[in-house]
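# Examination of the molecular architecture
Spelled out from the first residue to the last, the chains are:
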Amino acid sequence: MSGSTGRLTVITGPSGVGKGTLVKRLLDKHPEIWMSISATTRSPREGELEGVSYFFQSRESFDQLVAKNGLLEWAEFAGNCYGTPRAPVEQALEAGHPVLLEIELEGARQVRRSFPQGMQIFLSPPSFEELERRIRGRGTDSEEAITRRLSRAREEMTAQSEFDAAVINDDLDAALSQLESLMQLV
Ligand code: ADP
Ligand code: 5GP
């Protein structure tokens, strides 16, 4: 990788661990980071905006993106498809930005194959009980979605050792400064 090329970081972790919360803090503090906006077939949650939170797609248009190789990676998660648009990531890296992807496990594995030099970080909860409290406390998911997300979380947590680093999101400030140092922002 040349000196002027940006560094790619992937953050993965079970639903409800606090990825969105931490990433928001990180972006507020480091506006130079370029955050990928994913395509998804999931419906928008209250307050989510098209082109800001996600690019919300029909299944048909998502499948077209896959067919034309427009996604760097994609995966199914809790009944919906999610993927990273390829071209904007490549452009941001070429422009020298630190690039951040917040994606689930299968996608992280695909990115590991295409960007072995990237930094892969697993965000972990202090305990499974605390994870369940956070998902329920967020109040955005149906009981069915919560059950699916918790069962997927158990699977995802067994994959921590595949990652370059694991960060426990117990104290938010402590987790934030660990992320900053792993991303070489400080
Ligand atoms: P994710 O993006 O991983 O699904 P969210 O960022 O939506 O998770 O966080 C899930 C819930 O946990 C939110 O209600 C958030 O406020 C809370 N949360 C996040 N980080 C912490 C933390 N370090 N301590 C306590 N609660 C947290
Ligand atoms: P949510 O529905 O809670 O927004 O996201 C569900 C899961 O999908 C989270 O684990 C999130 O990291 C993951 N995700 C979001 N965007 C992408 C993406 O582009 N690719 C993959 N593989 N996972 C994604």
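A short tour of the structure in this document, coming up. (Residues numbered from 1 in each chain as written. Chains lettered and ligands numbered in written order. Predicted model: local features only at pLDDT ≥ 70, side-chain atom pairs only at ≥ 80, totals over all residues. Heavy atoms only, no water.)

## Remarks on the packing of aromatic side chains
Inspection of every chain in the model, using the stated rule, returns five aromatic pairs. One residue, Arg112, lies across the ring of Phe163, its end atom 4.9 Å from the ring centre. The residue whose ring lies beneath Arg154 is Phe128, and the NZ or CZ to ring-centre distance is 3.7 Å. (Phe/Tyr/Trp six-rings, centres within 6.5 Å; stacked < 30°, edge-to-face > 60°. Lys NZ or Arg CZ within 6 Å of the ring centre and 35° of its normal.)

## Details of the site of ligand 2
By nearness alone, 16 residues border ligand 2, and Ser38, Arg42, Tyr54, Tyr82 and Glu102 come closest of all. Side-chain polar atom of Tyr82 to an oxygen atom of ligand 2: 2.5 Å apart, as the coordinates give it. The contact in question runs from an oxygen atom of ligand 2 to an N or O atom on the backbone of Thr84, over 3.3 Å. If ligand 2 stood free it would expose 510 Å²; the protein chains cover 95% of that surface. With respect to the pocket detection grid, ligand 2 is positioned in the largest pocket. (Near = heavy atom within 4 Å. Polar contact = N/O pair within 3.5 Å; in protein donor to acceptor, adjacent residues only side chain to side chain. Areas by Shrake-Rupley, 256 points an atom, 1.4 Å probe, with all protein chains shown as cover. 1 Å grid on protein atoms, 1.4 Å probe; cavity = no way out; pocket = protein on both sides within 12 Å on 5 of 7 lines; lining within 4 Å. Sits in = over half its atoms within 2 Å of the grid points.)

## Observations regarding helix H6 (residues 143–157)
Over its 15 residues, H6 extends 21 Å from the first C-alpha to the last, a length consistent with the 21 Å expected when each residue adds 1.5 Å. For H6, the set of buried residues is Ala145, Ile146, Arg149, Leu150, Arg152, Ala153 and Glu156. Where H6 is buried, its residues contact strand E5 (71–77), strand E6 (80–85), helix H4 (105–114), strand E8 (119–124) and helix H5 (128–138). (Helix = DSSP H or I, 4+ residues; strand = E, 2+ residues; numbered from the N terminus. Expected span 1.5 Å × (residues − 1). Buried < 20%, exposed > 50% of the residue type's maximum accessible area, 1.4 Å probe, protein only. Contact = heavy atoms within 4.5 Å.)

## Let's talk about the sheet that holds strand E3 (residues 39–40)
Read from one edge of the open sheet, four strands run E4-E3-E6-E5, paired in mixed fashion. If you trace the sheet from one side to the other, it starts and ends with strand E4 (55–56) and E5, each paired once. Bridge count for E5 against E6 is six bridges, and the pairing is antiparallel. Within E6, the position partnered with Trp74 by the bridge is Gly83. Each of E5 and E6 touches helix H3 (residues 86–94); the most contacted strand, E6, lies at about 35° to it. (Pairing = 2+ DSSP bridges. Axes fitted to C-alpha atoms, helices over the stretch in contact; angles between N-to-C directions.)

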